[in-house]
Amino acid sequence: MPRKSLPVILCESEITRLEQWLRAGSTPQQTVLRARIILQAVRGWTDQQIALELKIQRRTAALWRGRVREQGIGCVWEIAPGRGRKVRYDSREVARIVKTTLQTKPKGSTHWSTRTLAEAQGVSRNTIHRIWQEHQLKPHLAKSFKLSRDPQFLEKLTDVVGVYLTPPQNAIVLCVDEKSQIQALDRTQPGLPLKAGRCGTFTHDYKRNGTTTLFAALHVVEGRVIGECYPRHRHQEFLQFLRRLDAEFPGQVGLHLILDNYGTHGHERVRRWLAKHPRFVLHFIPTSSSWLNLVERWFAELSQKAVRRGVFRSVEDLQQAIKDFMSAWNANPAPFVWTATVEKILEKLDRCRRRLEQIQPGCTKPRRRKIVNSNV
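Notes on the structure follow. (Residues numbered from 1 in each chain as written. Predicted model: local features only at pLDDT ≥ 70, side-chain atom pairs only at ≥ 80, totals over all residues. Heavy atoms only, no water.)

### Regarding unusual backbone geometry
Applied cut-off: Secondary structure elements follow DSSP: runs of H or I of four or more residues count as helices, runs of E of two or more count as strands, with numbering from the N terminus.
Phi at glutamine 181 is positive, roughly 55°, even though this residue is not glycine. Despite not being glycine, serine 288 shows a phi value in the positive range, around 55°. Here serine 288 shows up in the loop between β5 (280-284) and α11 (295-307).

### Let's talk about the sheet that holds strand β1 (residues 171-187)
Stated formally: Note: two strands are recorded as paired if DSSP finds a minimum of 2 bridges between them. Fitting a line to C-alpha atoms yields each axis, with helices limited to the stretch in contact; the angle taken between N-to-C directions then spans 0 to 180 degrees. Contacts are assigned to residue pairs that have any heavy atoms within 4.5 Å of one another.
The sheet built from 5 strands is open, its strands ordered β3-β2-β1-β4-β5 with mixed pairing. Both outer strands of the open sheet, β3 (225-230) and β5, are each paired with one neighbouring strand and no more. This sheet shows a mean twist of 30° between the axes of neighbouring strands, independent of strand direction. The sheet contact formed by β1 and strand β4 (residues 254-259) spans 5 bridges and is parallel. Considered in β4, the bridge of cysteine 175 is made with isoleucine 258. Here helix α9 (residues 235-248) sits on the sheet in contact with β1, β2 (206-219), β3, β4 and β5, set at roughly 150° to β3.

### Notes on the nonpolar core
What counts here: Throughout this description, the term nonpolar core refers to a set of buried Ala, Val, Leu, Ile, Met, Phe, Trp, Tyr and Cys residues connected via side-chain atoms within 4.5 Å. Only protein chains enter the calculation, and the probe is 1.4 Å; a residue is then buried if its accessible area is under 20% of its type maximum, exposed if over 50%, and partly exposed in between.
Formed by 39 residues in total, the largest nonpolar core has its most connected members in Leu214 and Trp298. Listing elements by their share of this core, those giving two or more residues are α8 (153-165), β1, β2, β3, α11, α12 (315-331) and α13 (342-359). Contact partners of tryptophan 298, with chain neighbours within four places excluded, come to Leu214, Ala216, Val225, Phe325, Met326, Trp329 and Phe336.

### Considering the environment of glutamate 316
Position of glutamate 316 among the secondary structure elements: in helix α12. Residue glutamate 316 is classed as exposed on the basis of its relative accessible area, which comes to 54%. Spatially, the C-alpha atom of glutamate 316 lies 29 Å from that of isoleucine 258, the residues being 58 residues apart in sequence.

### Points about the packing of α9 against helix α10 (residues 268-276)
What counts here: We call two directions roughly parallel when the angle between them is under 35 degrees, roughly antiparallel when it is over 145, roughly perpendicular when it lies between 65 and 115, and oblique otherwise. Take the far helix as the reference: if the near one is turned anticlockwise from it by less than a right angle, the crossing is left-handed, and if turned clockwise, right-handed. The nonpolar class holds Ala, Val, Leu, Ile, Met, Phe, Trp, Tyr, Cys and Pro. Asp, Glu, Lys and Arg form the charged class, and all remaining residues, Gly among them, are polar.
Closest axis-to-axis distance for the α9/α10 pair is 9 Å, and the angle between their directions is 20°. Between α9 and α10, the angle is such that the two are roughly parallel. Helix-helix and strand crossings are classified by hand; for α9 and α10 the assignment is right-handed. Mapping the contact onto sequence places His235, Gln236, Phe238, Leu239, Leu242, Arg243 and Asp246 in α9 and Arg269, Val270, Trp273 and Leu274 in α10. Considering only residue class, the contact of α9 with α10 consists of 6 nonpolar, 2 polar and 3 charged.

### Notes on α10
Selection criterion: The arc in question is formed by the directions pointing from the helix axis toward the C-beta atoms.
Inspection of α10 places Val270, Trp273 and Leu274 among the buried residues, and these make up the whole buried set. Buried residues of α10, seen end-on, are gathered within an arc of 100° and therefore sit on one face of the element. In α10, those exposed residues whose orientation departs by more than 90 degrees from the buried face are Ala275 and Lys276. Check the buried side of α10 and you find it contacts α9 and β5.

### Quick notes on the pairing of β4
Our working definition: Seen with its strands pointing away from the viewer, a crossover is right-handed when the path leading from the first strand over the helix to the second is clockwise.
The element β4 is extensively covered by neighbouring structure, given that 6 of its 6 residues are classed as buried. Of the two faces of β4, the one lined by Gly254, His256 and Ile258 and the one lined by Leu255, Leu257 and Leu259 are each fully buried. Judged from the 5 bridges that link them, β4 and β5 form a sheet pairing that is parallel. Counted as the bridge partner of leucine 259 is phenylalanine 284 from β5. Once you follow β4 into α10 and on to β5, the crossover reads as right-handed.

Below, the structure written as structure tokens:
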């Protein structure tokens with residue numbers, strides 16, 4: 001008489017989790033097999049039926065049925081001690097490889113590769129790859145950064161973040177900046193279109209047909225963008241754009257502008273114009289801190305979706321593409337919401353400064369202005 005199989009009862013979330021493990025391409029095959037056993041047991045299959053369906057022994061189905069009843073579905077990931085491939089390298093050898101990766105460089109190169117480090121350490125490149133994965137080391141990747149050395153960094157940071165988190169009453173906050181030298185690039189050959197199994201293409205070389213400068217203001221609350229393209233990037237164009245903003249928001253409502261420290265923003269003619277228009281209040285971000293200006297995030301959207309892969313046979317074509325993207329954006333604007341507080345930002349920057357000071361003492365201090373002796 002066949003042995004009766006004990007029922008397995010799981011909740012909907014546990015069944016969903018097992019199905020997710022089955023679909024995931026990174027799930028080990030032994031875990032996939034165990035998940036199939038449990039799912040079929042939940043559907044009321046006997047051990048004998050499961051064994052015939054999955055081509056395994058009946059006692060294997062009974063084993064995992066019993067374990068899941070006692071320990072839950074998490075046990076399908078467990079590996080019994082002594083099973084699996086034995087480790088060839090002990091912890092000291094692994095630590096030596098990790099230390100070499102972090103603290104040394106190969107001769108004539110800036111970073112290690114799996115092959116160069118494997119040759120230097122006398123192991124296989126697959127071993128280096130596995131150790132790097134286990135310790136989350138990626139020598140082939142690098143990110144750019146710049147830490148502000150503005151002597152008034154804290155004051156400017158507090159001012160700008162305060163405007164984001166607690167906007168002034170009865171006023172409009174605008175993030176203003178210029179994206180200069182946008183190139184109108186015409187590719188030398190037509191690119192291949194997108195199709196199944198192949199991404200779109202464009203040639204690496206191009207013909208440069210001129211440039212334009214986009215002055216843009218991002219309405220922080222609405223997400224709407226006011227922009228204008230100009231051929232040059234001077235205080236004259238900035239004044240024209242300020243007049244455009246003055247006309248765009250009629251009345252006496254205050255306009256708080258978040259700007260960077262570019263020279264045109266503090267030009268004498270600009271200061272005189274602002275003195276005659278007190279509704280404009282300027283908030284300057286610290287130097288080397290463009291991440292504080294939310295309009296930079298919109299510039300990234302513009303570059304990625306309208307400019308980078310575009311083909312422009314003239315500056316007019318480029319300007320029209322920018323206007324089309326701006327119109328489509330303003331038809332359904334998406335505001336960028338600032339959430340970071342001053343305390344969180346300073347905590348992160350303090351960690352960065354401490355680390356940089358360990359590498360090169362004094363590199364994070366404000367720059368000293370050179371005093372020129374007029375008598376020489």
